Amino acid sequence: MKHSICFIVGSGILLSGLAGCSKATVTDSDLYVDPVPTPSVQVSQVASIPSLNLDQSDDTCFLDKEVASLRAIPLETNDDCLIGRISDIFIVGDTIVVVDRDNAKQIYLFNIDGKFLRKIGRYGTGPEEYFSLSCVSATPEHISVLDNPLAKYMTYDYSGNVVSSESLERTLPSHVFALSNSSFIATCASYHEGSPFAVEWIENDSVVATAFPYKIKRGEIAPSTFQLNNSEIGLYIPTIDTIYSISGRHIEPKYKLGLISDEEADEWRRLSARMDVIEEIKYKMSGGAMPADFISVYPLTDYLVVTHQTNDARYIGIVDRSTLQSRNYLRNTIEPFQLFLPPYIMSASGNTLCGYIADDYFLESPDESRERIEKHFSERDQEILNHYDYKNNNPIVWLMELK
């Protein structure tokens with residue numbers, strides 16, 4: 001079954017393991033860098049950071065214990081909105097924003113019942129076009145697109161008008177979080193040569209501040225950014241296993257996830273930093289994984305939800321924001337292939353998780369997996385799931401309201 005090599009990528013690149021791929025000809029001077037962060041960025045020193053204790057678990061009852069409701073929304077299919085594969089989904093009020101980065105290269109808007117509304121932007125190399133949907137984000141006001149090949153960052157309103165377009169010719173970020181039309185926080189990976197910092201502040205295409213210098217070239221995964229709460233940006237750095245809070249240029253460590261030890265992270269850095277491009281390709285195709293790999297953080301109103309993978313199993317942890325108490329569940333296994341939650345978790349809004357169901361994952365899962373999940377939908381939604389033409393229609397979006 002093809003799912004034996006199907007992995008969810010949380011931070012923009014698939015990194016998996018061949019332990020014997022080091023090059024003896026590479027010296028430490030080729031690996032180590034010594035950049036100095038900008039003094040104007042203040043990183044708080046905290047003696048004790050709370051651990052969220054997101055341990056592995058064999059509990060498969062997330063749907064029974066944590067979910068208040070589960071809704072299926074078939075997306076309208078017509079000649080103007082043919083989705084090949086969903087890259088991102090955002091729920092913004094009563095609007096569903098769907099991104100197809102690889103096939104259609106398009107952003108679509110649907111209403112909350114799945115009716116197609118319009119496209120946002122268009123594929124191309126013109127001044128108001130995007131050539132790549134490298135990173136897309138959505139707020140109640142704007143939809144923003146990072147286009148790395150064309151080195152620009154564009155912002156659209158929900159009518160499809162371009163609000164701003166900024167050049168990023170001197171940077172190559174993995175993710176951009178807009179602070180204003182011309183001010184951004186960018187995260188970078190150290191496998192991008194010339195990006196020795198995990199975090200950069202960009203104003204008018206100039207890097208004005210930096211933080212979290214990398215020690216080793218090409219050994220660090222790009223951090224992820226998200227809205228931690230109304231006033232703070234969240235920053236998760238995988239190999240430091242820490243969620244930070246960013247407010248202006250002040251950074252404070254908030255939580256340890258408890259997924260990666262310092263020793264595991266250092267071993268990963270040493271191994272990956274010594275690989276050339278050919279070895280890296282072999283590394284990606286080998287089927288192993290970094291310890292606690294593919295980590296995604298979904299901030300909800302009352303919870304933090306964290307998904308991660310270790311070897312052939314994926315897990316989901318839910319953390320109560322007020323008490324920091326965590327509960328952990330098995331999300332699915334690869335060998336044997338079993339689903340315990342709907343596939344493809346993509347985003348969060350309020351206390352709702354959002355994802356989608358497509359034929360390449362859901363229909364090929366064992367009958368008991370489908371039955372286990374489908375029973376949590378309404379009878380109407382069960383009928384939709386059982387009779388839907390997944391191969392010829394757009395995927396189904398699901399909304400999971402937590403208790």
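Residues numbered from 1 in each chain as written. Predicted model: local features only at pLDDT ≥ 70, side-chain atom pairs only at ≥ 80, totals over all residues. Heavy atoms only, no water.

Caption draft 1: The arrangement of the overall build of the chain in detail. Within the chain, the regular secondary structure consists of six helices and 26 strands. Looking at the chain as a whole, 52% of its 403 residues are labelled buried. In the chain, 55% of the contacts between residues at least 6 apart in sequence involve partners at least 24 apart. Of the roughly 17,600 Å² of accessible surface on the chain, a fraction of 48% belongs to carbon and sulfur atoms. (Helix = DSSP H or I, 4+ residues; strand = E, 2+ residues; numbered from the N terminus. Buried < 20%, exposed > 50% of the residue type's maximum accessible area, 1.4 Å probe, protein only. Contact = heavy atoms within 4.5 Å. Areas by Shrake-Rupley, 256 points an atom, 1.4 Å probe, with all protein chains shown as cover.)

Caption draft 2: Local environment of the pattern of salt bridges. All chains considered together, the criterion is met by 10 salt bridges. In this structure, Asp 113 engages Arg 71 in a salt bridge whose closest nitrogen and oxygen atoms are separated by 2.8 Å. Here Asp 113 is found in the loop between β5 (106-111) and β6 (116-120), whereas its partner Arg 71 is found in strand β2 (residues 67-74), with 42 residues between them in sequence. Among the salt bridges present, the one from Lys 391 reaches Asp 359, with a minimum N-O distance of 3.2 Å. (Salt bridge = Lys/Arg side-chain N within 4 Å of Asp/Glu carboxyl O.)

Caption draft 3: Geometry of the pairing of strand β14 (residues 206-213). Direction of pairing for strand β13 (residues 197-203) relative to β14: antiparallel, over a ladder of six bridges. Residue pairing across strands places Val 199 opposite Ala 211, the latter belonging to β14. Connecting β13 to the next strand, β14, in antiparallel fashion are two residues, including Asn 204 with a positive phi near 50 degrees. (Pairing = 2+ DSSP bridges.)

Caption draft 4: Summary view of unusual backbone geometry. The omega torsion of the bond from Glu 335 to Pro 336 falls at 0 degrees, within 30 degrees of zero and hence cis. Tracing the sequence through the fold places Pro 336 in the loop between β22 (326-333) and β23 (338-339). Of note in this structure, Phe 212 is not a glycine but carries a positive phi near 60 degrees.

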